[in-house]
Amino acid sequence: MCLGCCAFAQQPKYLLEGRAQGTTYRIIYQHPTAVVQKQDIDSILHAIDLSMSIYKKESLISSFNKATTREIEMDGMMRDVVCRSFDINKQSKGMFDLTVKPLVSLWGFGPERIRQWPTQGQIDSVMEFVGMDKLKVKGKRLLKKRNEVSIDVNGIAQGYSVDVLARFLDKQHVTSYMVELGGEIKTKGRKEGGETYKVAIERPEGDVESSFVLSLFNKAVTTSGNYRKAFDVDGKKVHHHINPYDGYPLQNNIASVTVIAETAMDADAYDNVFMALPVAEGLKLANSIRNLELYIIYKEGDLFREAFSTGFKKYIQE
């Protein structure tokens, strides 16, 4: 037992860093030899982009989003993401929705920023094409009921990318790693000396009084906040989380959420859901989902408050 610990502690540590999906990635892993190279990671992320990047015209998802397309044959990656999205859409009662892409573009979170607040008529016209009921999965095929329907998987695909990278490390028999892509994180095993991987919580300006660090073992974690990706239009703050029920950016008292889950894909998707729900409703949903924990920072008047799901605090390092 002791000899095993010593052998583990002496394993070399490797660091891989780069850029992908409009952000950065960082991978730390321990193994007797350098079994994973930067080109391996770049190749995997490029393949994911060719499947699901809405910014690449040649991607599979861009092909589906064309007004001339009614259906496509999905590759394995897109099918994984789309099928899981249907599950989360159902569990969140429609709050997680891939078909919000036209709304995301309308509100200026696509290639171009908006210069004025959209009219109700513009929002209503786009809402005709929003709703997961306008999509259907038939085997490997994805169909849309109207040509104008388009999808955006950015609320789940980055977490999925982390899981894909983690599975690649698993296949190389790497038993200790931390994969981070754009703030989405997945950990496995322990570091040298038997320590767990540590993740500091990102917090907005004016945060609550004390900060803490999460101690993670074989878990994924993501953080999402309304202080990210926001801009002002006509003197109003526009947040990137769009409500699929009314077509407007969310306007609530949630400042940020942190989600711990078994997979980065689930953590990534559910953080969008919890950003949209009232505090009590979000905690109730989190407590009903197995192997998922939630931490919320929310505003009450001029003060920031915090709330935890039942098991979240066990991950906080003392």
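Heads up: the structure comes first, above all this text.
Now for a description of the structure that goes with this document. Given the structure is predicted, the values throughout are model-derived calculations rather than measurements.

## Considering helix α9 (residues 279–288)
Where α9 is concerned, the buried positions are Val279, Gly282, Leu283, Leu285 and Ala286. One side of α9 carries all its buried residues, which in axial view fall inside an arc of 165°. α9 presents Ala280, Lys284 and Ser288 as exposed residues on the side facing more than 90 degrees away from its buried surface. Next to the buried residues of α9 lie α4 (76–91), β13 (254–261), α8 (264–276), β14 (293–300) and β15 (303–308).

## Some thoughts on the packing of aromatic side chains
In total, this model carries 9 aromatic pairs according to the counting rule given. An angle of 40° between the planes, with centres 6.4 Å apart, marks the rings of Phe212 and Phe308 as tilted. Placement of the pair is Phe212 in the loop between β8 (197–200) and β9 (213–216) and Phe308 in strand β15, with a sequence separation of 96 residues. Accessibility expressed as a relative area gives 22% for Phe308, which makes it partly exposed. Arranged with centres 6.0 Å apart and planes meeting at 25°, the rings of Tyr270 and Phe274 form a pair that is stacked. Here Tyr270 and its partner Phe274 are both found in helix α8, 4 residues apart, which amounts to about one turn of the helix. The two residues Tyr270 and Phe274 agree in class, both being buried. Every member of this aromatic cluster is reached through a ring pair, and the members are Phe212, Tyr295, Phe308 and Phe312. The aromatic ring of Phe64 is capped on one face by Lys144, whose charged end is 4.8 Å from the ring centroid. Lys313 extends its terminal NZ or CZ atom over the ring of Phe308, reaching a point 4.7 Å from the ring centre.

What counts, and where the lines are drawn
- Residues numbered from 1 in each chain as written.
- Predicted model: local features only at pLDDT ≥ 70, side-chain atom pairs only at ≥ 80, totals over all residues.
- Heavy atoms only, no water.
- Buried < 20%, exposed > 50% of the residue type's maximum accessible area, 1.4 Å probe, protein only.
- Helix = DSSP H or I, 4+ residues; strand = E, 2+ residues; numbered from the N terminus.
- Arc of directions from axis to C-beta.
- Contact = heavy atoms within 4.5 Å.
- Phe/Tyr/Trp six-rings, centres within 6.5 Å; stacked < 30°, edge-to-face > 60°.
- Lys NZ or Arg CZ within 6 Å of the ring centre and 35° of its normal.

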